[in-house]
Structure formats: structure tokens, C-alpha cells
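Okay, here's what each chain looks like letter by letter:
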Amino acid sequence: MKKVAVIGAGTMGNGIAHVFAENGFAVGLIDVNAAQLEKALGTIKKNFDRQIAKGTVTEQQKQQALGNITTYTDTAGGLAGVDLVVEAATENTDLKLKIFTQLDELAPPDAILATNTSSISITKIAAATKRPNKVIGMHFMNPVPVMKLVEIINGYATDKAVTDTIIQLSTTLGKVPCVVNDYPGFIANRILMPMINEAICSLYEGVAGVAEIDTVMKLGMAHPMGPLQLADFIGLDVCLSILRVLQDGFGNPKYAPCPLLVNMVTAGKLGVKSGEGFYTYTAGSKELVVSKNFNNL
């Protein structure tokens, strides 16, 4: 496997492209938005500079990796001759089904089609193609260059040879692969999202404040980040989307999203990416300031 295409140049897409390029793969980074591609390259360069400052890569390795990345707004051009496609578009079922129908038509017949989805059924996505045996979940964690886990999800029809290939590939990237089966939320988000939702419900019900909830989980449970801060980092819209996948998939009311989460997403308070969620975020500052909205719930 030598050539990889990454669909989507957002936070996850640029991180995935970074890791493949750093490990010597030719990477086609594909996005319909040329400005987003430029932004992604800028982010990749900054992330390499952080690695240089930490002494984990050299300037020469950075330049070699950047030379491995080619950007495309034309999907067909970016897919020519690829061995693997990793889709990292927005967590939206209809969008992913549309993308995979297109990928199936344009990618080489032997190419593996992987999705970075954090919750959507691999089997459902695979059914949009004529190669369901070559479709698999390859769920990287954010930030991709730092986090070691890759959650590998088998669809109903995924070939064992494909799974074995992705396991080996993940190891080559310096990641730790964990194979799971295709049920709503897989493992990472089936466990994480109910915890985040319960933290939001605790805030909503007035059991404790934002800082108190996060402090208890950080100091009491040794979590590096509290659940409300983590929700802001993930994106409250993404959290809501995953919870709805769990609720629909299992038909169990325990996965129903907290009304406060629904209201915040409706109001456009999405966390770090919108500048405000459970905390407010100021460019250039790492200080966490609890949003005033929660003083009088």
C-alpha cells in the first residue's frame, strides 16, 4: 500500500493526511473547498512545527512529509491509482452514503474504502457500494498526530483480509489498532457519549456546576480532561449527532440527548469551534472560562 486518498480537509482529515504523509505514503487530500485545503496545509505545517519543537521530527522530515501531500478539489483526480481511501467528512449519514456511492464509482476496483465515522453503521455505508467486502471503519482519535488509538470496525461483509491489512497499516502508522464490531457507537462512543450526556444532565439538573463536574472527573477519575471540556473539544453538534445514532440504533431512551445539549446546538454554541460551549474560548488563550449561561439554569 503506497498511495492513500483522504476525503475531507477538516480537523480529522488534515490529521489523517499528516500521519500518512509522515510515514512515507503518497497522500491525496481531497476537498471541494480550495480555501479549506489551504487552511488544512497550514494546520499540518503548524503541527509539524510543534513536533520539531518537541524533538520528535526534524525539519527535513517535515519537508519530506509535506512533499508527500497533494491537494485536489477534483475527486476523480485525487483517487487515481490509490490503494486506500479514508473518508473524513462531516458526521452525517446521508452525506457519507453519497460520498461512498461516488467513491465506489471512481476509486480503483481493488481499493479499500475506509470511513473515519465515529458512530454511523459501517454495514449501512458499505451497502451504498458494490464492494461491501472492501469497506471498513478506521476511526482515528483527535488530535490524530498525537493519539495512538485506531478503532477498526468490521461491517457485516468486511473481508478478514481487509481487516488484517488495516490492522497492519495502523501499526505501520505507529498506532494501536483495536478491532470491534458494527453496532451503534462501536466501543469508543458507546461508552464515552452516555458519560458526557450524563455530565450535561447533571449540570442541567443543578447537581453541580461546569467546573465542579470537570474537576471531579479529572481529579477523582484521573481523566486528563473533564467531560464538559471534552464535549466542547469534540463539538457539541457532533456529540448530539452520535447520541441520536445511539438512540435510534438501540431504541433505548437512556441514550436520549439532554435537552440542554439540544438547546445549545440549536443556539449555535458548539464548543471550541464556535468560540463558546460549556466554556468560552479566546484565540491565543488556554484559560477556561465557564460560560455565563449556566449561572441560572
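These figures come from a predicted structure and were not determined experimentally.

Thresholds, definitions, all that
Residues numbered from 1 in each chain as written. Predicted model: local features only at pLDDT ≥ 70, side-chain atom pairs only at ≥ 80, totals over all residues. Heavy atoms only, no water. Helix = DSSP H or I, 4+ residues; strand = E, 2+ residues; numbered from the N terminus. Rg over C-alpha atoms; globule rule 2.2 N^0.38 Å. Buried < 20%, exposed > 50% of the residue type's maximum accessible area, 1.4 Å probe, protein only. Contact = heavy atoms within 4.5 Å. Areas by Shrake-Rupley, 256 points an atom, 1.4 Å probe, with all protein chains shown as cover. Lys, Arg positive; Asp, Glu negative; His and termini not counted. Charge placed at Lys NZ, Arg CZ, Asp CG, Glu CD. UniProt positions renumbered as here; feature names shortened; annotations may be inferred. Pairing = 2+ DSSP bridges. Axes fitted to C-alpha atoms, helices over the stretch in contact; angles between N-to-C directions.

Colleague: Would you mind showing me how to read the overall build of the chain here?
Modeller: For the chain, the count of helices and strands is twelve helices and ten strands. Relative to its length of 297 residues, the chain is compact, with a C-alpha radius of gyration of 19 Å against a globular reference of 19 Å. Taken along the three principal axes of its C-alpha coordinates, the chain extends 55 × 45 × 35 Å. Among the 297 residues that make up the chain, the fraction classed as buried is 44%. Contacts in the chain between residues far apart in sequence, at least 24 positions, make up 64% of those at least 6 positions apart. In the form shown here, the chain has an accessible surface area of approximately 14200 Å², with 54% of it arising from carbon and sulfur atoms. Across the chain, 25 positive and 26 negative side-chain charges occur, with their mean positions spaced 3 Å apart.

Colleague: Hey, could you run me through the UniProt feature "binding site: NAD(+)" (unreviewed entry) in the chain in this one?
Modeller: Annotation from UniProt places "binding site: NAD(+)" (unreviewed entry) at Gly-8, Ala-9, Gly-10, Thr-11, Met-12, Gly-13, Asp-31, Glu-91, Lys-96, Ser-118, Asn-142 and Lys-273. You can see Thr-11 is positioned in helix H1 (residues 11–22). Take Asn-142: it is sitting in the loop between strand S6 (135–140) and strand S7 (149–154). Owing to a relative accessible area of 28%, Asn-142 belongs among the partly exposed residues under this scheme. The residues touching Asn-142, leaving out its near neighbours within four places in the chain, are Thr-11, Met-12, Met-147 and Phe-233.

Colleague: Explain the sheet that holds strand S8 (residues 176–181) here, please?
Modeller: Within a sheet, neighbouring strands are paired by backbone hydrogen bonds and run either parallel or antiparallel to one another. Ordered in space as S3-S2-S1-S4-S5-S6-S7-S8, the eight strands form an open sheet in which the pairing is mixed. One side of each edge strand has no neighbouring strand; the edge strands of this open sheet are strand S3 (69–72) and S8. On average, each strand axis in the sheet is tilted by 25° relative to the strand beside it, whichever way the strands run. Pairing geometry for strand S2 (residues 26–30) and S3, over four bridges, is parallel. Each residue of the ladder has a partner; that of Ile-30, found in S3, is Tyr-72. The strands touched by helix H2 (residues 34–54) are S2 and S3; relative to S3, the strand with the most contacts, the crossing angle is about 160°.

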